[in-house]
Structure formats: C-alpha cells, structure tokens
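Single-letter residue listing:
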Amino acid sequence: MPFNIQEFKSVVEGNRGLMRNNRFLVEFPPPRKLAGILNAGVSAPFGNILSFYCKGAPLPGIGILTSDVYRYGYCPIERRPYGTVFNDAMIHFYVDANNQVRKWFREWIKLMVNPDMPNGIVSQNRLTGQAAYEFSYKNDYAVDVRITAFDPEGNPTISVVLCEAFPNYIGDVMQDWEDKNSSMVMPISLTFRDWYED
C-alpha cells in the first residue's frame, strides 16, 4: 500500500497533533529539613519557585534486566526478565544572578552529607549541625519530584512522579570569557527509587 500523506495528517490531527518538548513543569517540594530555610526574597520557600528556573527535564524511561536461559539446556538462548533499572534524571537549571538556584541545590546536597570543612574535621553544617562528612537519614532529604508535560492547549497530559528523589551530582558549570550572550546553566542529576505515571 503506497504512503498517503493526507491519511498520515488526518491520523495525527485526529489525536490533536503532536506533543511539544517545551511545554513542561518540574515541581520540587523542599526536603523536610530544608523547607523554609532558603528563599529568594519572597514569602514562599525557594523550592516552590524553583520550577521557573528549570531549562530542561526528561520524562524517565525504564529498562528491563534480563538473564540468558537455555530453553533446551543448550542453544537457542532466550532472555527472561528478573528486574528493572531506572536511569538518573539529568535536569538543567538556569542560575539566577543572586546564586539562589545553585545555593539551594548545594544546601540540599549538604543535607545528605556535609562536605564543607572550613575549620577542618571539626566543622559543622550551620543549618543541620552535621559534622564533616556525616550522613543523614533518607527521609530528611528525599522527596517526590513531579514532571508534567502539557498539550498545545496547556492541559496536563503526562504526569510522572520520581519517588524518593535526591540530587546525586551537581555538574560543573563552564565559564567562558567569549560567551557573552548565554545564560549560566547548571546540570543536576537526580537519582530516585522508581517512578509512576498518574
């Protein structure tokens, strides 16, 4: 059967067109110990307005772990599932001129483990009282992060929740004397237990 462009257009338009990558929202509830500590000169905690600085975020996928099984005790090989795997979500954020975005994620990292040692090994986190390289309990820093994608009319179509998410990597931000027209963007890697779709 020959390809019919009109039929193709009819099918796509019948489903209200195609989703766009630039219609999304990422919602971060602040971790329990960070709630209300940092703000950007507004009454709401900074975590509530962090969504406005998000440049890009993935809708997560899922991988199936398989093992080889010899159906007859020898060839051929079949693969059987035995588990799942989730890749970390790499999310990019614009950095504001007051450095609040970067500071917010830095404080979130320090909720997990305090890497600051301005006074050597006796240093303590001023917000939590943690000693240098002291770890916290997961319920102090892990939160559910929601990523929502919207249709062309602005209605939520896809809503994914990353369960017990927390940043496991704050990426380097390269600065360049010749780059005069770009905004600073900071990559953040979020790891999470699993995800579900509403």
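Worth saying up front: this structure is predicted, and the values here are computed from it rather than measured. (Residues numbered from 1 in each chain as written. Predicted model: local features only at pLDDT ≥ 70, side-chain atom pairs only at ≥ 80, totals over all residues. Heavy atoms only, no water.)

Asker: Give me the overall build of the protein chain: which residues, what numbers.
Answerer: Scanning the protein chain from terminus to terminus reveals four helices and nine strands. Computed over C-alpha atoms, the radius of gyration of the protein chain comes to 22 Å, more than 25% over the 16 Å expected from 2.2 N^0.38 for 198 residues, which places it beyond the range of a compact globule. Considered along the principal axes of its C-alpha atoms, the protein chain spans approximately 75 × 55 × 40 Å. Out of the 198 residues in the protein chain, the part that is buried amounts to 31%. (Helix = DSSP H or I, 4+ residues; strand = E, 2+ residues; numbered from the N terminus. Rg over C-alpha atoms; globule rule 2.2 N^0.38 Å. Buried < 20%, exposed > 50% of the residue type's maximum accessible area, 1.4 Å probe, protein only.)

Asker: Help me get a handle on unusual backbone geometry, residues and values and all.
Answerer: Glycine aside, residues mostly have negative phi, and peptide bonds are mostly found in the trans state. Note that the residue after C75, namely P76, is joined by a cis bond; omega there is 0°. Located in the positive-phi region is N99, a residue other than glycine, with phi close to 65°. By secondary structure assignment, the location of N99 is in the loop between β5 (89–94) and α3 (100–112). Given the relative accessible area of 32%, N99 is considered partly exposed.

Asker: How would you explain the pattern of salt bridges if you had to name every residue and give the values?
Answerer: If you walk through the whole model with that rule in mind, you get eight salt bridges. With a closest N to O distance of 3.0 Å, E78 and R80 form a salt bridge. Assessed through its relative accessible area of 40%, R80 is described here as partly exposed. In this structure, D194 and R193 form a salt bridge, with 3.1 Å as the shortest nitrogen-oxygen distance. Sharing partners across several salt bridges, the network here consists of K138, E164, R193 and D194. (Salt bridge = Lys/Arg side-chain N within 4 Å of Asp/Glu carboxyl O.)

Asker: I'd like to hear about the nonpolar core, residue by residue, with values.
Answerer: The biggest cluster of nonpolar side chains holds 29 residues, and the ones touching the most others in it are F28, F93, F105, W108, V145, L162 and L190. Sorting the residues of this core by element identifies β5, α3, β6 (143–150), β7 (156–170) and β8 (185–191) as the ones contributing at least two each. Setting aside residues up to four positions removed in sequence, F93 forms contacts with F28, L50, Y53, C54, K55, V101, F105, M184, V185, M186 and I188. (Core = buried A, V, L, I, M, F, W, Y, C linked by side-chain atoms within 4.5 Å. Contact = heavy atoms within 4.5 Å.)

Asker: If you had to explain the state of the cysteines to someone new, which residues and values would you point to?
Answerer: According to the stated counting rule, one finds zero disulfides in the structure shown. The thiol of C163 is not disulfide-bonded; the next cysteine sulfur, from C54, is found 18 Å away. (Disulfide = S-S within 2.5 Å.)

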